[in-house]
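Here is how the chains run, residue by residue.
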Amino acid sequence: LLTNYLLGWAEMDLLSGTYLLAVLLACIVFQSGAQEKNYTVREELPENVLIGNLLKDLNLTLDPDVPLSSPLQFKLVYKTGDVPLVRVEENTGEIFTTANRIDREKLCSGIFSENRCFYEVEVAVLPDEVFRLVKIRFLIEDINDNAPLFPSTVINISIPENTAINSRYSVPSAIDPDIGVNGIQHYELLKVGEERRTGSTCSAPRAPASRGSGQNVFGLDIIETPEGDKWPQLIVQQILDREQKDTYVMKIKVEDGGTPPRSSTAILQVTVTDVNDNRPVFKENDIEVSIPENAPVGTSVSQLHATDADLGSNAQIHFFFSNQISSLAKRLFAIDNATGLITIKEPLDREESPVHKLTVLASDGSSSPSRATVTVNITDINDNVPSIDTRYIINPVNGTVLLSEKAPLNTKIALITVMDKDADLNGKVTCFTDHDVPFRLKPVFDNQFLLETATFLDYEATREYAIKIVASDSGKPPLNQSAMLLIKIKDENDNAPVFTQSVIGLSIPENNAPGTQLTKISATDADSGRNAEISYMLGSDAPPIFNLDRRTGVLTAVRKLDREKQDRYSFTVLAKDNGMPPLQTNATVTVSVLDQNDNSPAFTHNEYNFYVPENLPMYGTVGLITVTDADSGENAAVTLSIVNGRENFIIDPLTGVIRPNITFDREQQGSYTFQVKAVDGGRVQRSSTAKVTINVVDVNDNRPVFVIPSSNYSYDLVPTATSPGSVVTKVFAVDNDTGMNAELRYSIVGGNSRGLFTIDQLTGNITLKEKIITADHGLHRLVIKVNDLGQPESLYTIALVHLFVNETITNGSYVQELVRRNMETPVGQNVGDGEITPQTNDYVKIIIAIIAGTMTVILVIFVTALVRCRQTPRHKVVQKSKQSGEWVSPNQENRQIKKKKKKKKRSPKSLLLNFVTIEESKPDDPGHEHINGTLDIPVELEEQTMGKYNWATTPTTFKPDSPDLAKHYKSASPQPTFQIKPETPVPPKKHHVIQELPLDNTFVVGCDSLSKCSSSSSDPYSVSECSCQGTFKTPGPIHTRQVIQSL
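Each chain has its residues counted from 1, following the order in which its sequence is written. Residue-level local features of this predicted model are given only where pLDDT is at least 70; pairs of side-chain atoms are given and counted only at 80 or more, and the full residue set underlies all totals for whole chains, interfaces and linings. Hydrogen atoms and water are omitted, and side-chain values are computed over all heavy atoms in the structure.

### Structural notes on the overall build of the protein
Numbered from the N terminus, helices here are DSSP runs of H or I no shorter than four residues, and strands are runs of E no shorter than two. Each helix and strand counted, the protein has eight helices and 60 strands in total. For each residue, the accessible area found with a 1.4 Å probe, counting protein chains only, is set against the maximum for its type, and the residue is called buried under 20%, exposed over 50%, and partly exposed in between. Within the protein, the fraction of its 1047 residues that count as buried is 45%. Here the contacts in the protein between residues at least 6 apart in sequence split such that 73% fall between residues at least 24 apart. Throughout, the Shrake-Rupley method with a 1.4 Å probe supplies accessible areas, and for residues the shown protein chains are the sole cover considered. Carbon and sulfur atoms make up 50% of the accessible area of the protein, which amounts to about 54300 Å² in all. Contacts are assigned to residue pairs with any non-hydrogen atoms lying within 4.5 Å of each other.

So, in structure tokens, the structure goes:
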């Protein structure tokens, strides 16, 4: 495209076309990330002289929005082994000279044009975000550091004696490596011994004194060639006469134009020879030939032809090279002195010198030889393989480039320069890599390429690359050259450790020895070196019972494990490498602690106390024994059995439910005690025992029994003079039950319509409430009710109390008849016939008076009989009643009892149980009831400090500290939870009838001091507790029945 573009503008002005080409090339170079910068620098400058500043000269500005991976850096790129003549400050881009002086004549030997000597370097601007490759061309400025020198210190010239005035003869030129004004500017002839002291001078040796000076005979002129060379010519100014003087000795001086000028001299010796009229003439003075560089030695280059008009020896021509040709030409070519044939003496090399100028002189023996110039052009043959010059941007270590695997794309590694000394197509080189690698060659300048990364690198995939760079020319056949570039990928910590298992499951029996090794945790890291060194650590959630070796990864248990405290552990372990920064990963470790039979079965209580009603049927539920075993599996499979007491109770071996295989009778046995054994199922069995006490609880199945009055036919006299508040009589009843079932309450439920009497509900004392008036005289029948406080249902009994309100009893039979008649009156009907006429009153008084004496005798006999009865052995008959109600499981939450302050201990009052047989024969009257019965009367003497239990608020018969079976049902026991339903109690017999009492009250009830009133336990719930319902004392106002004889 560029060629077509240029061809289209072929007719444009040459300057415009050249400018356009330069612009297009500059655009191409700029887009490739390359720039050029030219500087001019004088040679031989001292060290640390500032040449330029790339940062400013290139107008480099950083975009603040583009972050840089590293600070801006200027890196001088040069071939390994080369000694750079300049240095570049990496941070500032300033260019300085070094201790290695720049010598233009050495750097550009053979170049005599003032604008042709350059020194080139490349500078890479890093990092990759702002990368540029800058080619810096230093134009070396010449200084006058070299003096011009003649080829020889003595120059010999022969001139015939017949030479005409103003004839010119060439003098060998001096050579000055400097150029321009510092080159040769002036030649001058000096007399022998005469020297100018201006500038530096190189003096020639002194000529012999016998020889004449020719300063006036000869003159000196300078001819400038088209190439700019200055050739000196000697001019004959006077006629020469060999016979007078055959030799002239002079000094020739050459001087350059430097400041200060430098010069040198040589001895110019002119010899005047005999006459030779004609000199040889070349057929061609300028000949140009071309010869391939691979022409063999001996090949003819050119055949020179010259003629001489003289005859004889003066016509014999001798060919030779001028001393002004280069030493290389003298080495490569030879000339036949006789024939003038130029041949190849040594192999040619176009790359060494493509053109050779050969000055050939033809001489017939005279002093003025003829001159011809043969220009030999060496044509190129593809005989040079391309050269590859590698200049590293990333400094190699021992010939190997270390490149991080995190290097970004387009990371510049080296500048590859390929060259071919051949010309044209033979020197056109292409460069490439011979196989697929993650690198590429990017062209920047002519025959220069940047080696850069083409893809992301991965140390774990490939750790090093041997890149073969191939340079091939376009010759036929093409020649190739290759170079190896070693790149080692430097590992970066880009891989975290990887556990062989993300979840590590372990099992270990409990009771292990401290320091037991559990497992060895292992992780791998794809990185290398320190990046692959792994340290193991426990996570923050790991319990202190475990330890993990940081280096080996061995996991140990530092203490003994106890499955019963914790059967499973789950925590994290970390694997961390030693990279910078370090990377880590984690895994989960689960440790299952295996059970060993190291725990005996454990009862929830060491001692169990159960309270069961005595009416609990056989195989009913007594209670539940709960046992646990902290072990698991077979080691926790517990079997229960009764050690002693199997004849009375059975226990479910799995559930722990205790059932009786007997019926209870509290009167025969109030409690049972036995041991329960629990055995686990371990290979080596472990066992434990607990004590079980079963207390038989009373049931409210006995109704109260009246002791006073002893008969429904008895009566008491209430004198009319009795003051209100006086006790007129007393009722007293007993209950064969115990506890609250035996607590009694008295009340008047009938026969007291006028409210004349009142009764104490606790003591049963009947007192006169109102003052007796006339209307109150007569017989009163009170219906007395006594009921217990038993639960769940209270039982009661009704008795009749007759009170005869009168001054005296004059006729007992009459009163007895009234009582008998009242018995025929329904209980719900009040008896109102209580009046006595005055005549009757007198009659009664007479009768009472008559009977008084009789009763006195009878009373004495009665007292005597009573005393004798007290002296008889007393027997105790305890009829234990049974409480009706549902048996319930004890509940500790409902057994909160307020404790009272302890009082001084008193010995319990003994229980007096009087067995009294009351027999009474009824009259023959068919209407009179005959009551014949035996009463067993338990009487307890209450302690004043005895607490009363409120059965209405807490329906249970169990002790407060007895086991809470309700909680046992919900325990973590391996036994299944059972809902124990209460057994259906036996319905008690209910007595709601009027008690039939004996006719007469002939006994006194007391407490037997020998009876046991309370158990050893102070528990108010104990069923063995008994109390005397009250001391039965003869009431003050109660009168015995006396026969009053009428006066």
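### Concerning the pairing of strand 5 (residues 94-97)
Whether two strands pair depends on DSSP finding at least two bridges between them. Here strand 2 (residues 50-53) pairs with strand 5 via three bridges, running antiparallel. Note on strand 5: the bridge partner recorded for L50 is F96. Sheet topology note: the strand 4 (residues 86-88)/strand 5 ladder contains three bridges and is antiparallel. When the bridges of strand 5 are listed, V86 appears paired with T97. The turn linking strand 4 back onto strand 5 is made up of five residues, and G93 within it adopts a positive phi angle of 80 degrees.

### A look at the nonpolar core
Grouping buried Ala, Val, Leu, Ile, Met, Phe, Trp, Tyr and Cys residues that are joined through side-chain atoms within 4.5 Å yields what is termed a nonpolar core. Grouped together as the largest cluster of nonpolar side chains are 27 residues, with contacts concentrated most on L304, F319, F333, I342, V360 and V376. Elements that contribute at least two residues to this core include exactly strand 16 (286-292), strand 19 (318-321), helix 5 (327-332), strand 20 (333-335), strand 21 (341-344), strand 22 (355-363) and strand 23 (370-379). For L304, the contacting residues outside a window of four places in its chain are F282, I287, F319, I335, T339, G340, I342, V360 and V374.

### Focus: the UniProt feature "transmembrane region" (unreviewed entry) in the protein
Mapped onto the present numbering, the UniProt feature "transmembrane region" (unreviewed entry) falls on residues 846-867. Helix makes up 100% of residues 846-867 and strand 0%. Its end C-alpha atoms lie 32 Å apart. UniProt positions are given in the numbering used here, feature names are shortened, and annotations may be inferred rather than shown by experiment.

### Points about helix 6 (residues 812-824)
Since there are 3.6 residues in each turn of an α-helix, residues three or four apart along the chain are aligned in direction. Counted at 1.5 Å a residue, the expected span for helix 6 with its 13 residues is 18 Å, and the 19 Å between its end C-alpha atoms agrees. Listed as buried for helix 6 are G812, V815, L818, V819, R820 and N822. Here helix 6 starts with a cap whose side-chain oxygen sits 3.3 Å from the backbone nitrogen of S813, and that cap is N811. Expected span, for any helix, means 1.5 Å times one less than how many residues it has. For this analysis, a polar contact is any N or O atom pair within 3.5 Å, provided that within protein one partner can donate a hydrogen and the other can accept it, and provided that sequence-adjacent residues contribute only side-chain to side-chain pairs.

### Overview of the sheet that holds strand 47 (residues 657-660)
The strand order across the open sheet formed by three strands is 43-47-46, and the pairing between neighbours is antiparallel. At either margin of the open sheet sits one strand with a lone partner, and together these are strand 43 (623-624) and strand 46 (649-651). Inspection of the sheet shows strand 43 paired to strand 47 by two bridges, in the antiparallel sense. Bridge assignment links L624 to a residue of strand 47, and that residue is V657.

### Concerning the sheet that holds strand 55 (residues 757-759)
Taken in spatial order, the three strands make up an open sheet running 52-56-55, and their pairing is antiparallel. Of all the strands in the sheet, just strand 52 (727-730) and strand 55 have a single pairing partner and so form its edges. Within this sheet the neighbouring strands show an average axis-to-axis angle of 25 degrees, counted without direction. Bridge count for strand 52 against strand 56 (residues 765-768) is three bridges, and the pairing is antiparallel. Counted as the bridge partner of V727 is T767 from strand 56. Between N-to-C directions, angles span 0 to 180 degrees; the directions come from axes that are lines fitted to C-alpha atoms, helices contributing only their stretch in contact.

### So, the environment of S70
Mapped onto the secondary structure, S70 falls in the loop between helix 3 (54-57) and strand 3 (73-77). The class for S70 is partly exposed, based on a relative accessible area of 30%. Here the alpha-carbon distance between S70 and D128, two residues 58 residues apart in the chain, equals 9.0 Å.

### Looking at a nonpolar patch on the surface
Each patch is assembled from residues with relative accessible area greater than 30% and no salt bridge, linking like charges that lie within 9 Å and nonpolar side chains (Val, Leu, Ile, Met, Phe, Trp, Tyr) that lie within 5 Å. What counts as a salt bridge is simple: a side-chain nitrogen of Lys or Arg found within 4 Å of a carboxyl oxygen of Asp or Glu. On the surface, a nonpolar cluster with roughly 310 Å² of combined accessible area is contributed by L859, F862, V863 and V867. Within the fold, V863 resides in helix 7 (residues 838-871). With relative accessibility at 42%, the residue V863 sits in the partly exposed group.

### Here's the deal with the state of the cysteines
The term disulfide is used for any two cysteine sulfur atoms that are within 2.5 Å. Under the criterion given, the structure shown has one disulfide. Through a disulfide, C108 is tied to C117; the S-S separation comes to 1.8 Å. Note on the C108 and C117 pair: the S-S dihedral is about 80 degrees, so by sign convention the disulfide is right-handed.

### Looking at the side chain of N597
Along the polypeptide, N597 turns up in the loop between strand 40 (584-594) and strand 41 (602-603). A distance of 3.3 Å separates a polar atom in the side chain of N597 from a polar atom in the side chain of D680. Separated by 2.7 Å, the side chain of N597 and the backbone oxygen of V684 make a polar contact.

### Some points on the environment of E224
Its place among the elements puts E224 in strand 11 (residues 218-224). Contacts of E224, omitting those with residues within four sequence positions, involve D229 and K230.

### What to know about the confidence of the model for the protein
Confidence along the protein averages 77 in pLDDT terms, with 74% of residues attaining 70 or more. For every residue, the predictor assigns a confidence score, pLDDT, that lies between 0 and 100. When mean pLDDT is taken per element in the protein, strand 47 scores highest with 95 and strand 59 (residues 912-919) scores lowest with 31. Counting interchain partners and residues more than four positions distant, the pLDDT-below-50 stretch residues 833-840 has 10 contacts.

### Thoughts on the packing of aromatic side chains
Stacked, tilted and edge-to-face are the three classes applied to pairs of Phe, Tyr and Trp rings, where Trp contributes its six-membered ring and a pair requires centres within 6.5 Å; stacked means planes under 30 degrees apart, edge-to-face means over 60, and tilted covers the rest. This structure, assessed with the given rule, holds 14 aromatic pairs. Ring pairs connect the aromatic residues F649, F664, Y672 and F674, which therefore count as one cluster. The ring of F118 carries the charged tip of R137 above its face, separated from the ring centre by 4.4 Å. The rule for a charge over a ring is simple: NZ of Lys or CZ of Arg within 6 Å of the ring centre, and within 35 degrees of the ring normal. A cation over an aromatic ring shows up here: K412 above the ring of F131, its NZ or CZ 4.2 Å from the ring centre.

### Regarding the pattern of salt bridges
A complete count under the given rule lists 20 salt bridges for this structure. E89 is the partner of R87 in a salt bridge, and the nearest nitrogen-oxygen pair spans 2.6 Å. A residue is classified by how much of its surface remains accessible, and R87, at 28% relative accessible area, is partly exposed. Ionic pairing is found between E351 and R350, a salt bridge with its closest N-O pair at 3.5 Å. Like E351, the residue R350 is buried in the burial classification. Here the salt bridges do not stand alone but share partners, grouping E120, E122, K135, R137, D389 and R391 into one network.

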